[in-house]
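Read off the chains here:
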Amino acid sequence: MGLYIVSRGFFVLFLIAQHVLLSKFVADHEDELGFYGLVVMLLIPVGFWIEILRRDTLKQRLSAVWLVYSCVLVIMIGVIFGRAVIEDNKLREQEIATCLCTPNVNNTTTDHSFFDSKFLKITLCFTPGLMLLLLTSVTDKTETLKQLYLMIVMDLFDGIEMIEVLHEDICDKIPMGWEIAVLVAALLFFLLSFLEVHQVKFDEDDDDAEPKLRKKTAACTLVFQIILNVAFLVIRLVLWFHYDFDSAIFLAKNVISLVMGLVDVCQ
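Here the structure is a predicted model, which is why all the values come from computation and not from measurement. (Residues numbered from 1 in each chain as written. Predicted model: local features only at pLDDT ≥ 70, side-chain atom pairs only at ≥ 80, totals over all residues. Heavy atoms only, no water.)

Considerations on a nonpolar patch on the surface
Phase 1 of the analysis: Together, Leu3, Val6, Phe10, Leu13 and Phe14 make up a nonpolar patch on the protein surface, roughly 460 Å² of accessible area in all.
Phase 2 of the analysis: Within the fold, Leu3 resides in helix α1 (residues 3-30). (Patch = residues over 30% accessible without salt bridge, like charges linked within 9 Å, V, L, I, M, F, W, Y side chains within 5 Å. Areas by Shrake-Rupley, 256 points an atom, 1.4 Å probe, with all protein chains shown as cover. Salt bridge = Lys/Arg side-chain N within 4 Å of Asp/Glu carboxyl O. Helix = DSSP H or I, 4+ residues; strand = E, 2+ residues; numbered from the N terminus.)

Re empty space enclosed by the protein
Phase 1 of the analysis: What the rule picks out here adds up to one cavity of 30 Å³ or more.
Phase 2 of the analysis: Of the voids in this model, the largest cavity is the one considered here, and its volume is about 30 Å³.
Phase 3 of the analysis: Every residue lining the largest cavity is listed: Asp155, Asp158, Phe189, Gln225, Leu228, Asn229, Phe232 and Lys253.
Phase 4 of the analysis: At the level of elements, α7 (146-168) and α10 (215-243) are the ones that each hand at least two residues to the lining of the largest cavity. (1 Å grid on protein atoms, 1.4 Å probe; cavity = no way out; pocket = protein on both sides within 12 Å on 5 of 7 lines; lining within 4 Å. Points joined across faces, edges and corners; volume = space filled by probe spheres on them.)

Focus: unusual backbone geometry
Phase 1 of the analysis: Look at Asp56: it is not a glycine, yet its phi comes out positive at around 60 degrees.
Phase 2 of the analysis: Mapped onto the elements of the fold, Asp56 is located in the loop between α2 (43-55) and α3 (62-87).

Notes on the layout of surface pockets
Phase 1 of the analysis: If you add up the space inside the largest pocket, you get close to 790 Å³.
Phase 2 of the analysis: Secondary structure elements with two or more residues in the lining of the largest pocket: α7, β2 (212-213), α10 and α11 (248-266).
Phase 3 of the analysis: By residue class, the composition of the lining of the largest pocket is eleven nonpolar, eight polar and six charged. (Nonpolar A, V, L, I, M, F, W, Y, C, P; charged D, E, K, R; others polar.)

Describing the nonpolar core
Phase 1 of the analysis: The biggest cluster of nonpolar side chains holds 66 residues, and the ones touching the most others in it are Ile77, Phe81 and Phe190.
Phase 2 of the analysis: Per element, the largest residue contribution to this core is twelve residues, and it comes from α3.
Phase 3 of the analysis: Setting aside anything within four residues of it in sequence, one finds Ile77 in contact with Gly82, Leu124, Ile163, Leu183, Leu187 and Phe190. (Core = buried A, V, L, I, M, F, W, Y, C linked by side-chain atoms within 4.5 Å. Buried < 20%, exposed > 50% of the residue type's maximum accessible area, 1.4 Å probe, protein only. Contact = heavy atoms within 4.5 Å.)

A short note on the pattern of salt bridges
Phase 1 of the analysis: One pass over the structure, following the stated rule, counts six salt bridges.
Phase 2 of the analysis: The salt bridge involving Arg54 is made with Glu51; its shortest N-O contact spans 2.7 Å. Of the two residues, Arg54 and Glu51 are both situated in helix α2; the distance of three residues between them amounts to about one turn of the helix.
Phase 3 of the analysis: What makes Arg54 exposed here is its relative accessible area of 59%.
Phase 4 of the analysis: Between Arg236 and Glu161 there is a salt bridge, with the nearest N and O atoms lying 2.7 Å from each other. Highlighted residues: Arg236 in helix α10 and Glu161 in helix α7, separated in sequence by 75 residues. Each of the two residues, Arg236 as well as Glu161, counts as buried.
Phase 5 of the analysis: By sharing partners, the salt bridges in this structure join Asp155, Asp158, Glu161, Arg236 and Lys253 into a single network.

Structure (structure tokens):
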């Protein structure tokens, strides 16, 4: 059994698991069973995935698969961080209660949901893994996709680390305006991440042919990378100096990515 077959199987399994768990997270913190309806959106990427496999056009539609997945993921993240974290503040209240071990009148500790911020981090970290599984779900004799592995996966971890600031702010120090800026920047990043894959064009008739570079898409990707890295850099510097949220590693990553992008522009 080839690696690409295994990757395809794990891709759909992890995709289903992530969306079910995120739906459960929302339902758990909102106490509304209606939020389980969010899991129905899972039918969109899964159905698209099955249709692409049926037509045997996965190699030419990798970016389309990721775009469909990203759209659903953005909606899920928007609901989670827009309601449970920013608007209702329920997750932060639970984190404070957990940290302080606040007793209630019956001298028992406050109930703590299994679906807490740590669980949310782990579930969101499925996303870079899904990208890696997607890129390895096709045969690539030219090994062009291997050149994208590290760059794209690191970029996705960058976006995840950015939105983690929202539920790490248990003392609610960050103003809502900056919280919205963090959320919008991260969601925009996830939504446009498909461009990094779309810039590589595979021949529809010859699987062994050398893939071509979509120059316009590559240019758009470069501009997108520069703008997003500048935005992430500014947001992280503000959060660091004004609200004491240290993310030095990803600050360095943003600076390096920005320099590399500017070098590409100069060339």
